[in-house]
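Given next are the chains, with one letter for each unit.
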Amino acid sequence: MTPHYITTPIYYLNGAPHLGHVYTTLAADVLARYWRLAGANVKFLTGTDEHGSKVAQAAAAAGEAPQAYADRMALIFQDMTRKINASNDVFLRTTEKRHHEAAQALWKKLEAAGQIYESVYAGWYATRDEAYYDESEIVGGKAPTGAPVEWIEESSYFFRLSAWERPLLDYYEAHPHAIAPLSRRNEVLSFIKGGLRDLSISRTKFDWGVMVPTDPAHVMYVWVDALTNYITALGYPDENSSDFQTFWPESLHLLGKDILRFHAVYWPAFLMAAGLPPPKKIFAHGWWTCDGEKMSKSLGNVVCPFNIIEKYGLDPFRYFLIREVPFGQDGSFSEAALVTRTNSDLANDLGNLTQRVLSFIYKNLDPQIPVPGDLSENDRELLASAAHLEQILFTDIDNQALQAYCQHIWEVIRKANCYVDFEKPWSLRKSTDPQDHKRVETVLYVLAEVIRHVAVYTQPVMPDSSSRILDQLGQKDRTFASLKTPLVAGTTLCEPVPVFPRIEQRD
Ligand code: ME8
């Protein structure tokens, strides 16, 4: 199976982690967990972007030296990955020595290839975006993102980005799925077709960055250093390292639409110019707002993910973020929507199904998975929908269709609930006819088998809750491959405990 290298952006340390950071990390986690369960070789990278004027200013505002500030803040981001149960294999900090070495090696390679020259940059810069803007992009004295800009004039090294216009267009023509969703690909293509100008890639006005290897008066533009993180984590500059050989360019870069241009234009151009292949896929997801409004400190509506997790539990929060909005589109976060979604999908649909079925088996059937009798048409149909999930979910994940992934599982859960209502095992059990009793065992076997499938497939989204369901079902092997073998009758169940309590709505 193809190896999977899944990355998030490395986050700036200028403030505490928020819903947006949690979202990308969570989406990456779902994909990484899925591919591991599918048996693939996976590397999941996240980390922190610690250089640049933005972080230097935040450190100054906090009255701390940049390195001390970065050390303190990086711990908070590392803690975020733990609090959301992210299964990242690497947490990379750009202040690490290995990263300085990788960024400098890439620089030297670009320089040796004649891709870098020295000149003077005179133009607009927005520290908030860590981005240069053309005069034509300035609207009412601000960057198109609304960020304040300042005029800077300084000696700078430039990367010959203009030379990569045609190669980038050719590359994207030949690789139609390299940028997703499609609307984002079109945006990138029209940006490139609009003409690329050479890019200023060093600064002299401050020193909080990776030093330009051939000129200590300059530090690298923070995006040159930051983007390199994706190969630092694979052992670059050692291109023969086993990680680099295995995982580059098998990468899926997940990011928000705000930083697509850096990833889909600058990064592949740097790589091609250094003789390396561009990343296999870049997926730009949408933007979360809060109750329909942009989250901002001044509006006081920034969602603190950790308060939400404390209040409602981690897995309902994970499920909500993945299920509520099609991956790639914008979404509006509200606690009311989270409560509604948790109660309908988790407490009612999945929670009731597992609780009813497992308690029934526990109380009435020894407590063991019963031996099924002959299967009816109805039994076969339900089992087939559970078995078909394998292919359907594979396609969803391959397209990063994370919402669809949940929807497809829930279609099976709802079918299983209809099946319970139709088969009425509770009334059948009261019958005095032994054939009816055998039928109860068959129905419960079928349901337990469907619950096993569902819980195995919900693991990437809700690792803890799924694992509790599988514990109760007495299942040890939880890989996707384990579903190829039918549920073993006679397996002893553990005492069922409800996994998804209802959240009481407050007025
Ligand atoms: O841009 N909705 O870091 P950053 C959804 N250091 N996602 C959001 C979001 C929101 N409201 N707000 C933030 C940087 N994000 C650079 C990246 S990579 C080599 C360097 C997520 O801390 C989304 O993934 O500003 C976005 O792209 C990222 O956080 C920006 O994080």
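These numbers were taken from a predicted model, which means no experiment stands behind them.

Some words on the nonpolar core
Tyr172, Tyr221, Leu321 and Phe333 are the most contacted members of the largest nonpolar core, which totals 178 residues. Counting residues per element, this core draws most heavily on helix α16 (residues 434-458), which supplies 13 residues. The contacts of tyrosine 221, once residues within four sequence positions are left out, are Tyr125, Glu130, Ala131, Tyr132, Ser200, Ile201, Ser202 and Phe262.

With respect to the sheet that holds strand β1 (residues 4-12)
Pairing is parallel across the open sheet formed by six strands, whose spatial order is β3-β2-β1-β12-β13-β7. Each edge of the open sheet carries a strand with a single partner, namely β3 (90-93) and β7 (179-180). As paired strands, β1 and strand β2 (residues 42-49) are joined by seven bridges and run parallel to one another. Residue pairing across strands places histidine 4 opposite valine 42, the latter belonging to β2.

Points about the site of the ligand
Around the ligand there are 23 residues in total, and Ile10, Thr24, Asp49, Asp258 and Trp288 lie nearest to it. The side chain of threonine 24 places a nitrogen or oxygen atom 2.7 Å from an oxygen atom of the ligand. Take tryptophan 288: an N or O atom from its main chain is 2.9 Å from a nitrogen atom of the ligand. For the shell around the ligand, the secondary structure elements donating two or more residues are β1, α1 (19-37), α7 (222-232) and β12 (251-256). Of the residues that constitute the shell around the ligand, the class distribution is twelve nonpolar, nine polar and two charged.

Some remarks on the packing of aromatic side chains
Using the criterion set out here, one finds 32 aromatic pairs in the structure. Centre to centre, the rings of tryptophan 124 and tryptophan 151 are 5.1 Å apart; their planes meet at 80°, and the pair counts as edge-to-face. Of this pair, tryptophan 124 sits in strand β4 (residues 116-126) while tryptophan 151 sits in strand β6 (residues 150-159), and the two are 27 residues apart along the sequence. Ring centres 6.4 Å apart and planes at 75° place the aromatic pair tyrosine 125 and tyrosine 221 in the edge-to-face group. One end of the pair, tyrosine 125, is in strand β4; the other, tyrosine 221, is in the loop between β11 (215-220) and α7, with 96 residues separating them in the sequence. On the basis of relative accessible area, tyrosine 125 is assigned to the buried category, the value being 1%. These aromatic residues form a ring-pair network of at least three members: Tyr23, Phe283, Trp288, Phe317, Phe320, Phe327 and Phe333. The lysine or arginine in question, lysine 83, covers the ring of phenylalanine 306, its NZ or CZ lying 5.0 Å from the ring centre. Lying over the aromatic face of tyrosine 125, arginine 203 brings its terminal NZ or CZ to 4.6 Å of the ring centre.

What about the state of the cysteines?
Using the criterion set out here, one finds zero disulfides in the structure. Left unpaired, cysteine 290 is separated from the closest cysteine sulfur, that of cysteine 304, by 12 Å. Free of any disulfide, cysteine 418 has its nearest cysteine sulfur in cysteine 406, 19 Å distant.

Some remarks on helix α14 (residues 402-423)
A rise of 1.5 Å per residue sets the reference length of α14, with its 22 residues, at 32 Å; its end C-alpha atoms lie 32 Å apart and thus fit the reference within 8%. Two residues or fewer past α14, lysine 424 is found with a positive phi of approximately 45°.

Details of the packing of helix α5 (residues 165-174) against helix α9 (residues 260-273)
As a packed pair, α5 and α9 sit with axes 10 Å apart at the nearest point and diverge in direction by 105°. In terms of axis orientation, α5 runs roughly perpendicular to α9. Together, Pro167, Leu168, Tyr171 and Tyr172 of α5 and Ala264, Val265, Pro268, Ala269 and Met272 of α9 make up the contact between the two elements. For the contact of α5 with α9, a count of residues per class yields nine nonpolar, no polar and no charged.

Section: the packing of α5 against helix α6 (residues 182-193)
Contact geometry of α5 with α6 gives a least axis separation of 10 Å together with a crossing angle of 155°. When the axes of α5 and α6 are compared, the pair comes out roughly antiparallel. Crossing geometry of α5 relative to α6 is assigned as left-handed. Here Glu165, Leu168, Leu169, Tyr172 and Glu173 of α5 come into contact with α6, specifically with Arg185, Val188, Leu189, Ile192 and Lys193. Each residue belonging to the contact of α5 with α6 can be placed in one class, and the counts come to six nonpolar, no polar and four charged.

Rules used throughout
Residues numbered from 1 in each chain as written. Predicted model: local features only at pLDDT ≥ 70, side-chain atom pairs only at ≥ 80, totals over all residues. Heavy atoms only, no water. Core = buried A, V, L, I, M, F, W, Y, C linked by side-chain atoms within 4.5 Å. Buried < 20%, exposed > 50% of the residue type's maximum accessible area, 1.4 Å probe, protein only. Helix = DSSP H or I, 4+ residues; strand = E, 2+ residues; numbered from the N terminus. Contact = heavy atoms within 4.5 Å. Pairing = 2+ DSSP bridges. Near = heavy atom within 4 Å. Polar contact = N/O pair within 3.5 Å; in protein donor to acceptor, adjacent residues only side chain to side chain. Nonpolar A, V, L, I, M, F, W, Y, C, P; charged D, E, K, R; others polar. Phe/Tyr/Trp six-rings, centres within 6.5 Å; stacked < 30°, edge-to-face > 60°. Lys NZ or Arg CZ within 6 Å of the ring centre and 35° of its normal. Disulfide = S-S within 2.5 Å. Expected span 1.5 Å × (residues − 1). Axes fitted to C-alpha atoms, helices over the stretch in contact; angles between N-to-C directions. Parallel < 35°, antiparallel > 145°, perpendicular 65-115°, else oblique. Left-handed = near helix turned anticlockwise from the far one by under 90°.

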